[in-house]
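If you want the building blocks of each chain, they are given just below.
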Amino acid sequence: ARRACDLRVVAVSAVFPTGQLAGFSLERVADGAPSEAEDAAPGGAGACPRIRGLRWDAAGPLVGGGAAMVVSEVDLSTGLDVAPFRVSTWEPSTSPELSVQDALRQELRRNARAARAWSAVHALAGGGGAGVALTAPVIYCGEYSCLSGALGATISLRQVSLQSKRLWTTLRDFLSTQSPDARVDIDASMSSMFIVSQGSSLLPMQEGLLIASSGEEDDVLNGVPPQALNSSQPIVRLASRALLSRFSQWSEVAAQHAPENAQENATRNAAQNRTDQSGKGEDPVAQHLHVGDSPFPLFNFSRSRAEDGLAEWACAPGAYLDGDCLQVGAVSMDLDVHTTWLLVIVLPAGTFGARAVRGNLSTERGLDDMDLYFFGLVNSYRASRGALLCGVVAASVLVGIGVGALVSRPLRRLSLLMRRLGDLDFAHESAEFVELHPGRRSRIRDVRELQEAFRRLSRGTEAFARFVPETVVRNIIHGDTTATELHVSRRQVTIMNSDIEGFTAISENLAQRDLLFVLTRYLSVMTRVVELYDGVVSEIQGDGLIVFWNAPDDVEDHASKACAAALAQQHAVGLLNAEFATLDLPHLAVRIGVHTGSVMSGNIGSESKMKFGCLGEPMKVAGNLQEFCKPYGARIICSADTYEEMESGKGFFCRRLDLLPIKRSEATTWIYEVVGRDTGAEDEHEAVETQSDSQASGRAASSLKPMSSVVSEAIRRSTSSLVDPRAQLWQPIRRWIWKSGSGGPTLADEASSVPADDAAAAAAAAAAASSRSASGGRSRSRTSW
């Protein structure tokens, strides 16, 4: 381009952080403001001043910092130097091209593909005002991991302003030819077209900058244009204040206006035009000018009210024809995925609505005359209509009371059940839940369907709570957003990892139903023991358990409770082995590892699948401690971290085993075998329970439950898994019932007179015997069971 009016790109360059630069720019030879006629015909003779070309070259950094840059003027027709060169200093860190690409590299992943981005508004070399550059990375591998430089094409904001002025002039001339009888004169004092930097994730500090306008240019300070709110043009300043008073921030302008179906918009506008003109509806002029369904915001404000600082800026009804009422429209323009400009147009409100306003006023007068005529007709029917209305209302009230009685009672019971469900109290045996059974439900179909839906919800929630910790389920029901999203937090957690020794060989020698019975019986008791000591079973890995204390709920003295649970499990295994021996089932030996450490606890997984769990090195350490039980001949091994966390006075006996590197660091740490617990500490807990409620509540919070009572309770609760011995799963129970006993009448003799449905009683009796043995009582013979 030979003339500045046709100039779009004013510079192209390639810059590198090593101090190298190669570029070419165009500058105005003389400054001057073209007239309005010259702007309308770009390229005409004498329309704009001439320009010159400059070549920029920097070979590398200097010893003292920066880089030496050689600037040469070039003949645009030959490409040869026409003037002596000059040397200046260039600092790579000030390059807007490098700055925006480096910011893009930090925001994206290092393996992200190349992307173009617009730079910050910056000063142009040679005092040419402000400009902005479209940049691209120099990356030989195609990814940001090898970013070595940036390319840039710079445009002058002055050219953007000139183009805005030409477009504004074209719009003004077009509107002046439409409806001359209703035309409103437009000039620069009441109209403008300007562009504002709406937002950039890479350059948030430039939000609200005035990029260009159709009016007089604002002063540029240090290469940065002023904020639109501080523009020297009154029309731009007032329109900006009106936009921000309506949307609070530039980034919210045009963000909440989504386009709707065009047919629906037309129907809605037609309905608004038919609104009754009794004076109670919206002003018809405001209805015509309001465009709430537009994809961009469109509203009006009074210029005089804005200048006077009044709180209400909206134009007064009927004042749309004077030049004081201004209409504002805005639309966002995405330069790239990170940078957005906002185009704002300000015009007198009467420009588009003058003719329609006059038509509406004429229509309103006609509707008023018709309203007077029909008003007399309506009054003649009001008397008779009043009596009919009273009868209908009375009948409706009676029907409503009857239907309400049929609806409100079951709904109140459903509300009570819903509150219980929020606390995971399923209340399946309550009178309210019994009404949800078939044959007991409401006669109203909608209520009956609601009762059936809640019954399925309750059953499903109860089943869900068996797979997920109850605290997580309770948070989901209560609407905690973090319970349904990927979310983790750091917590100090005690982790137990248990495993059955030699279970692979056991599983190979057992029938499938025998194996399933052994696992179910063992895991039922172990899980109950953990829950009675405030633990949460995170995973069941075949024959092993992974248990957490202090996650997701806070648990006081969690290290001591974990060790107490491990001792109780070992005690329960001994009682289970006695039970298995009567069924000719194998003996079980359990290894347990306990470790305390800081983990990331919460919901982990993906956007579609997730679970509650813990991440971190302590998980692996607990597994390693469980494996150390075999070479050291121990049943329970805990780490030094757990040993130090256990509160004194709880009566634990621990034996120091060895100094091992159980963590990723090279440092070694002691491991301990948890041998047992002093029965005197357990007796103290039982003594606490016999005291008054106020005293016991204070001491029981810091005491551990006795191992014997916990094991007894766990075995008693786990008998619920034996309620249906008729299933093929419980064939070992049948075989045990029919097997001959020693020392008296055999169970086979007794079972001959026992119906098959009563086999559950025999199975429960076996578990009850184990429970009595766990509590220290003398177990009775198998025959007497």
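The structure this text deals with has already been given above.
Quick caveat: nothing in here was measured; it's all calculated off a predicted structure.

Asker: Which residues make up helix α19 (residues 707-718), and what values go with them?
Answerer: Here α19 spans 16 Å end to end across 12 residues, near enough to the 16 Å set by a 1.5 Å rise per residue. Buried within α19 we find Val710, Val711, Ser712, Ala714, Ile715 and Ser718.

Asker: Mind laying out the state of the cysteines, listing which residues take part and the relevant values?
Answerer: Under the defined criterion, the tally for this structure stands at two disulfides. The side chain of cysteine 141 participates in a disulfide bridge whose partner is cysteine 146; the two sulfur atoms lie 1.9 Å from each other. The disulfide joining cysteine 141 to cysteine 146 has a torsion of about -105° about its S-S bond and is therefore left-handed. By relative accessible area, cysteine 141 is classed as partly exposed at 36%.

Asker: Describe in detail the pattern of salt bridges, supporting the description with residues and values.
Answerer: Here the structure, examined in full by the defined rule, presents 15 salt bridges. Residue aspartate 554 is joined to arginine 491 by a salt bridge in which the shortest nitrogen-to-oxygen separation is 2.3 Å. Of the two residues, aspartate 554 sits in the loop between β17 (544-549) and α14 (558-582) while arginine 491 sits in strand β15 (residues 487-500), which places them 63 residues apart along the sequence. Aspartate 554 gets classed as exposed once you look at its relative accessible area, which sits at 66%. Arginine 491 gets classed as buried once you look at its relative accessible area, which sits at 18%. For glutamate 531, the salt bridge is made with arginine 528, and the minimal N-O distance between the two is 3.9 Å. With a gap of three residues between them, glutamate 531 and arginine 528 both fall in helix α13 (residues 512-532), about one helical turn apart. Glutamate 531 gets classed as partly exposed once you look at its relative accessible area, which sits at 41%. Arginine 528 gets classed as partly exposed once you look at its relative accessible area, which sits at 27%.

Asker: Explain helix α15 (residues 617-632) to me, and be specific about the residues and the numbers.
Answerer: In a regular helix each residue adds 1.5 Å, so 16 residues correspond to 22 Å; α15 covers 22 Å between its end C-alpha atoms and thus fits that length. All of the buried residues in α15 are Pro618, Met619, Val621, Ala622, Gly623, Leu625, Gln626 and Cys629. Summarising the contacts, the buried residues of α15 are in contact with β15, β17, β18 (590-605), β19 (610-615), β20 (636-639) and β22 (669-677). Directly beyond the C-terminal end of α15, a positive phi value near 65° is found at glycine 633.

Asker: Can you explain the sheet that holds strand β12 (residues 298-302)? Please cite residues and give values.
Answerer: One open sheet holds the five strands; their spatial order is β11-β10-β14-β13-β12, and the pairing between them is antiparallel. In this open sheet, the two strands that pair with only one neighbour each are β11 (210-213) and β12. Averaged over all pairs of adjacent strands, the angle between their axes in this sheet comes to 25°, without regard to strand direction. Direction of pairing for strand β10 (residues 192-200) relative to strand β14 (residues 339-348): antiparallel, over a ladder of eight bridges. Counterpart to phenylalanine 194 in the pairing with β14 is valine 344. Across the face of the sheet, helix α3 (residues 157-176) comes into contact with β10, β11 and β14 while running at roughly 45° to β11. On top of the sheet, helix α4 (residues 234-247) reaches β10, β11, β12, β13 (325-334) and β14; it is set at about 120° to β12, its chief contact.

Calculation notes
Residues numbered from 1 in each chain as written. Predicted model: local features only at pLDDT ≥ 70, side-chain atom pairs only at ≥ 80, totals over all residues. Heavy atoms only, no water. Helix = DSSP H or I, 4+ residues; strand = E, 2+ residues; numbered from the N terminus. Expected span 1.5 Å × (residues − 1). Buried < 20%, exposed > 50% of the residue type's maximum accessible area, 1.4 Å probe, protein only. Disulfide = S-S within 2.5 Å. Salt bridge = Lys/Arg side-chain N within 4 Å of Asp/Glu carboxyl O. Contact = heavy atoms within 4.5 Å. Pairing = 2+ DSSP bridges. Axes fitted to C-alpha atoms, helices over the stretch in contact; angles between N-to-C directions.

In short, geometric facts, not functional conclusions.
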